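# Results of the structural survey
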Amino acid sequence: MTTPFPQRQTLRKEIRQRRNALSPREQQLAARRVHERLFEHPRVRAAKRISLFLSFDGEINTRPLIDTLWQQEKEVYLPVLHPFSKGHLLFLRYEKDSVMTHHPFGILEPRLDVRRVLPVSQLDVIVTPMVAFDAQGNRLGMGGGYYDRTLRNWRQDGSYPIGIAHDCQQVEELTHESWDVPLPEILTPSRHWRWL
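Definitions and limits used
Residues numbered from 1 in each chain as written. Predicted model: local features only at pLDDT ≥ 70, side-chain atom pairs only at ≥ 80, totals over all residues. Heavy atoms only, no water. Helix = DSSP H or I, 4+ residues; strand = E, 2+ residues; numbered from the N terminus. Buried < 20%, exposed > 50% of the residue type's maximum accessible area, 1.4 Å probe, protein only. Core = buried A, V, L, I, M, F, W, Y, C linked by side-chain atoms within 4.5 Å. Contact = heavy atoms within 4.5 Å. Polar contact = N/O pair within 3.5 Å; in protein donor to acceptor, adjacent residues only side chain to side chain. Expected span 1.5 Å × (residues − 1). Arc of directions from axis to C-beta. UniProt positions renumbered as here; feature names shortened; annotations may be inferred.

### Thoughts on the environment of Lys-13
Here Lys-13 lies in helix H1 (residues 5–20). A relative accessible area of 55% places Lys-13 in the exposed class.

### Considerations on the nonpolar core
Within the largest apolar cluster, 42 residues are counted, with the highest numbers of intra-cluster contacts made by Ile-50, Leu-52 and Val-127. Only helix H2 (24–40), helix H4 (63–71), strand S2 (75–81), strand S3 (89–94), strand S6 (125–128), helix H5 (146–151), strand S9 (160–164) and strand S10 (185–187) provide two or more residues apiece to this core. Beyond its immediate sequence surroundings of up to four residues, Ile-50 is in contact with Val-44, Leu-69, Lys-74, Glu-75, Val-76, Tyr-77, Leu-123, Val-125 and Val-127.

### Notes on the environment of Gln-169
Tracing the sequence through the fold places Gln-169 in the loop between S9 and S10. You can call Gln-169 buried: its relative accessible area is 1%. Along the sequence, Gln-169 and Leu-22 sit 147 residues apart, while their C-alpha atoms lie 11 Å from each other. Non-local contacts of Gln-169, meaning those with residues more than four positions away in its chain, are made with Ile-15, Arg-19, Met-130, Val-131, Ala-132 and Phe-133. From its side chain, Gln-169 meets the backbone oxygen of Val-131 in a polar contact 3.0 Å long.

### A few points about H2
Along its 17 residues, H2 runs 25 Å from first to last C-alpha, staying within 8% of the 24 Å computed at 1.5 Å per residue. Among the residues of H2, those classed as buried are Gln-27, Ala-30, Ala-31, Val-34, His-35 and Leu-38. The buried residues of H2 occupy an angular sector of 135° when projected down its axis, which confines them to one face. Among the exposed residues of H2, those oriented more than 90 degrees off its buried face are Arg-25, Gln-28 and Glu-40.

### What to know about the UniProt feature "binding site: substrate" (unreviewed entry) in the chain
Within this structure's numbering, the places UniProt gives as "binding site: substrate" (unreviewed entry) are Leu-54 and Glu-59. Mapped onto the secondary structure, Leu-54 falls in the loop between strand S1 (49–51) and H4. Relative accessible area serves as the criterion here: at 14%, Leu-54 is assigned to the buried category. Ignoring any residue separated from it by four or fewer positions in sequence, one finds Leu-54 in contact with Glu-59, Thr-62, Arg-63, Ile-66, Leu-78, Tyr-94, Met-100, Ile-107 and Leu-108.

Put into C-alpha cells, the structure is as follows:
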C-alpha cells in the first residue's frame with residue numbers, strides 16, 4: 001500500500017506543526033522521559049558505539065542524552081550526508097571538540113573527516129529520528145530516504161535501530177513504500193513500543 005507523495009508531504013507538515021506546538025516545559029518533560037527509557041534499554045547499556053542526531057524542528061532534545069553518553073565514555077556518532085553517494089549517510093565520531101558545519105537542510109553536522117568515519121555495521125545502536133510513526137512500527141521521515149537506505153540491512157549488519165519521538169507524532173496508520181524500513185522499537189514519553 002502506498003501513499004501519494006502530496007499526502008505524505010501534508011502529513012509531514014501537520015505532524016511537524018503538532019510537534020512544534022509543544023511548550024518548552026512539555027518538550028523538556030518528554031525528553032527526560034525518553035532519555036530514561038533509552039538508558040534503561042539493555043542494548044543501549046551494553047553499547048559502545050551509538051549513533052544519534054542533533055535535534056531540530058521540535059524533535060526530542062538529544063543534547064542531554066549525548067552529554068550523558070559521553071560521561072559514560074561511550075562513543076557517539078552523528079549522521080553526515082555522504083559527499084559522493086547521493087541519498088546516503090556516513091557516520092562520524094562526535095566529540096566535544098568536533099568542528100561543526102551546516103548541511104543543506106540547515107542541520108548541524110560534524111565536518112567531514114575520513115578518520116572519524118565508522119561503517120554502519122560497527123554501530124551498536126542507531127537512534128533514529130522520524131516525523132511520524134504508527135502502531136506497527138512504520139516510520140515516516142523527512143522524505144529523503146536516508147535512514148531507510150541506512151537501515152535496509154540492519155538485521156544482517158547488527159546495528160540495532162531504536163526510534164525516538166513525541167507521543168503526538170503517532171498516527172493511526174502509515175501506508176508505506178517498498179523501500180520503507182519499519183523499526184523494531186520506538187520510545188516515546190509514555191510508551192515503549194516493540195515489534196520484535
